Amino acid sequence: MTARLRCTVESMNYSACELAVGDSFDLGDRGVELPEGRGFCMFAISAVASALAGRAGPEPLSAWLAREPLVACPDPPENLVMRVRALPEKGR
């Protein structure tokens, strides 16, 4: 992966992991980066990683990210939905 991504909670019914709308984590070549002193639901992180790995077809990652896709945590009652966005490259 060459892009750095930010995954931000857009909406939810509630959070068993004490997340709030607006909480986020970054994903890039160095792995998962969490804001200092904060945690994030491992199931939500796994959902994003699975969506990235499971993209179908020849579409490049940049085209997929241009649509700013939504990814849902696998816990149906929580209905936690995250927006995935590409972050600008450092130095630009």
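Here is a short report on the structure shown in this document.

The rules behind these values
Residues numbered from 1 in each chain as written. Predicted model: local features only at pLDDT ≥ 70, side-chain atom pairs only at ≥ 80, totals over all residues. Heavy atoms only, no water. Core = buried A, V, L, I, M, F, W, Y, C linked by side-chain atoms within 4.5 Å. Buried < 20%, exposed > 50% of the residue type's maximum accessible area, 1.4 Å probe, protein only. Helix = DSSP H or I, 4+ residues; strand = E, 2+ residues; numbered from the N terminus. Contact = heavy atoms within 4.5 Å. Salt bridge = Lys/Arg side-chain N within 4 Å of Asp/Glu carboxyl O. Polar contact = N/O pair within 3.5 Å; in protein donor to acceptor, adjacent residues only side chain to side chain.

### Digging into the nonpolar core
Phase 1: Judged by nonpolar contacts, the single largest core of 21 residues is most densely connected at Phe 25, Phe 40, Val 48 and Met 82.
Phase 2: Looking at this core, the elements that each hand over two or more residues are strand E1 (4–11), strand E2 (24–28), helix H1 (42–53), helix H2 (61–66) and strand E5 (81–87).
Phase 3: Here this core takes five residues from H1, the largest share from any one element.
Phase 4: Excluding anything up to four places from it in sequence, Phe 40 contacts Val 9, Leu 19, Asp 23, Ser 24, Phe 25, Leu 34, Ile 45 and Met 82.

### Structural notes on the pattern of salt bridges
Phase 1: For the structure shown, the criterion picks out seven salt bridges.
Phase 2: Residue Arg 4 is joined to Asp 26 by a salt bridge in which the shortest nitrogen-to-oxygen separation is 3.6 Å. Placement of Arg 4 in strand E1 and of Asp 26 in strand E2 is noted, with a sequence separation of 22 residues between them.
Phase 3: Through salt bridges with shared partners, a single network forms among Glu 10, Glu 68, Arg 83 and Arg 85.

### As for the side chain of Ser 15
Phase 1: Following the sequence through the fold, Ser 15 ends up in the loop between E1 and E2.
Phase 2: Relative accessible area serves as the criterion here: at 18%, Ser 15 is assigned to the buried category.
Phase 3: There is a polar contact of 3.2 Å between the side chain of Ser 15 and the backbone nitrogen of Cys 17.
Phase 4: Among the polar contacts listed, one links the side chain of Ser 15 to the backbone nitrogen of Leu 19, at a separation of 3.0 Å.

Geometric descriptors of this kind do not, in isolation, establish any biological role.
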